[in-house]
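# Fold and geometry: a report
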Amino acid sequence: MWNLRFAPPDVIEARVLTVLPASLRHVGRSAWSDANKPGQRVDSFLEGPVFDSAGNLYVTDIPAGRILRITAQLEWQVVAAYDGWPNGMAMHADGSLWIADYRRGILKLDPARGSVEPVLGHRNSESFKGVNDLVFDAKGNLYFTDQGQTGLHDPTGRVYRLGHEGRLDLLLANAPSPNGIALDRTGTVLFVAVTRANQIWRAPLMADGSIAKAGAFQTFFGTSGPDGLAATAQGGLVVAHASLGVAFVLNAAGEVTHLVRSPTGQTVTNLAFRPGTSTLVMTEAATGSILEADIPDAGVS
């Protein structure tokens, strides 16, 4: 039984772990910034944090089409640069990094060689709207969001499941801006950050891989909305919010128990746990910063 507090959440102050060096920031306009941040100077936009088994942290830089690696010594390295807009990433069991690329679909990166190759670029010859984030289950099935420019004006964002055998299933087709995606600790519940509705949707997974009884798990506010997600070992969820400068920590009932507050910038885009710990690492895209905080809940191992 959950002990619902219905009390203000505790505040945890995050700290700056490292910042994108000036030498890796790009100048001038880009097609991505013109479309998504019109009138703003955007020298980077970090997303998609994921750790490898050696403790290196990988992030994407969307407008520059780059995958960056941050070593344990906090050295920044360009692993790959290509013609695309990479967003979320997930580590495959074989050690490759799978990328949700807005322009090119699902891609695969060999971190050792820096080579990027396509996995899935369309569905039934129809291009995706613009894929955003992805997560693997224990069997190697891939769940990913297809966000595009959808919103309350056009609630046609999609969520797909790519089975390990290659079958592609459409699970949701009515989401106003599906963004971050995560599986709960049991692998039987799918969480989706629906940015323009400012909600987290919760969808139980059936034995055949379909979903049922999808509902709103939590509702937020702000000029943007929830972005990246990370499940906790206690059955809860951590939610990055892209306009409030915080990450929300939810328990298994959807109650906000803690706020993790950014010390710099309001655009907390995505997050990941250091493997086997309760240390949360977050991307703050407005300043090109990597933030870190210790929270009460551990990540799903």
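Summarised in this report is the structure supplied together with it. (Residues numbered from 1 in each chain as written. Predicted model: local features only at pLDDT ≥ 70, side-chain atom pairs only at ≥ 80, totals over all residues. Heavy atoms only, no water.)

## Description of the environment of Thr257
Relative to the assigned elements, Thr257 resides in strand E24 (residues 256-261). Sequence separation of Thr257 and Pro8 is 249 residues, and the distance between their C-alpha atoms is 7.6 Å. Within the local environment of Thr257, its side chain forms a polar contact with the side chain of His258, the two groups lying 2.8 Å apart. (Helix = DSSP H or I, 4+ residues; strand = E, 2+ residues; numbered from the N terminus. Polar contact = N/O pair within 3.5 Å; in protein donor to acceptor, adjacent residues only side chain to side chain.)

## A word on the sheet that holds strand E27 (residues 289-294)
Spatially, E2-E27-E26-E25 is the arrangement adopted by the four strands of the open sheet, whose pairing is antiparallel. Each of the sheet's edge strands pairs with one partner strand only, and the pair in question is strand E2 (15-19) and strand E25 (268-273). Along the sheet, successive strands turn relative to each other by an average axial angle of 30°, direction set aside. Sheet analysis places E2 next to E27, joined by four bridges and oriented antiparallel. Residue pairing in the sheet places Arg15 in a bridge with Glu292 of E27. (Pairing = 2+ DSSP bridges. Axes fitted to C-alpha atoms, helices over the stretch in contact; angles between N-to-C directions.)

## Digging into the pairing of strand E22 (residues 237-241)
The buried fraction of E22 is high, at five of five residues. In E22, alternate side chains face the same way, and those of Leu237, Val239 and His241 on one face and Val238 and Ala240 on the other are all buried. The pairing of strand E21 (residues 226-231) with E22 spans four bridges and is antiparallel. Among the inter-strand pairings, Ala231 is bridged to a residue of E22, identified as Leu237. Where E21 folds back on E22, the antiparallel hairpin that results is connected by five residues, among which Gly235 adopts a positive phi of roughly 90°. The pairing of E22 with strand E23 (residues 246-250) spans four bridges and is antiparallel. The residue bridging Val239 from the neighbouring strand is Phe248, located in E23. (Buried < 20%, exposed > 50% of the residue type's maximum accessible area, 1.4 Å probe, protein only.)

## Notes on the packing of aromatic side chains
Aromatic ring pairs are reported here in terms of the distance separating the ring centres and the angle at which the planes meet. The tally for this structure, following the rule as stated, stands at eight aromatic pairs. Measuring from centroid to centroid gives 5.2 Å for Phe144 and Tyr160, while their planes differ by 25°, and the two rings are stacked. Here Tyr160 lies in strand E15 (residues 157-162) and Phe144 lies in strand E14 (residues 142-146), a separation of 16 residues in the sequence. In terms of burial, Phe144 and Tyr160 fall into one category: buried. In this structure an aromatic cluster arises from ring pairing among Phe128, Phe144 and Tyr160. Directly above the ring of Trp85 sits Arg103, whose terminal nitrogen or CZ lies 5.4 Å from the centroid. (Phe/Tyr/Trp six-rings, centres within 6.5 Å; stacked < 30°, edge-to-face > 60°. Lys NZ or Arg CZ within 6 Å of the ring centre and 35° of its normal.)

## Section: unusual backbone geometry
Unusually for a residue other than glycine, Ser177 sits at a positive phi of about 85°. Along the chain, Ser177 turns up in the loop between strand E16 (168-175) and strand E17 (178-183). We note that Asn198 has phi near 55°; this positive angle belongs to a residue other than glycine. As for its position among the elements, Asn198 is in the loop between strand E18 (189-194) and strand E19 (199-204).

## Some details on the sheet that holds strand E10 (residues 115-120)
Spatially, the four strands line up as an open sheet ordered E7-E8-E9-E10, and their pairing is antiparallel. Either end of the sheet is taken by a strand with one partner, and the two such strands are strand E7 (86-91) and E10. Neighbour-to-neighbour, the strand axes of this sheet turn through a mean angle of 30°, independent of strand direction. Here five bridges tie strand E9 (residues 105-110) to E10, and the two strands are oriented antiparallel to one another. Considered in E10, the bridge of Asp110 is made with Ser115.

The values reported here are purely geometric and, on their own, carry no functional implication.
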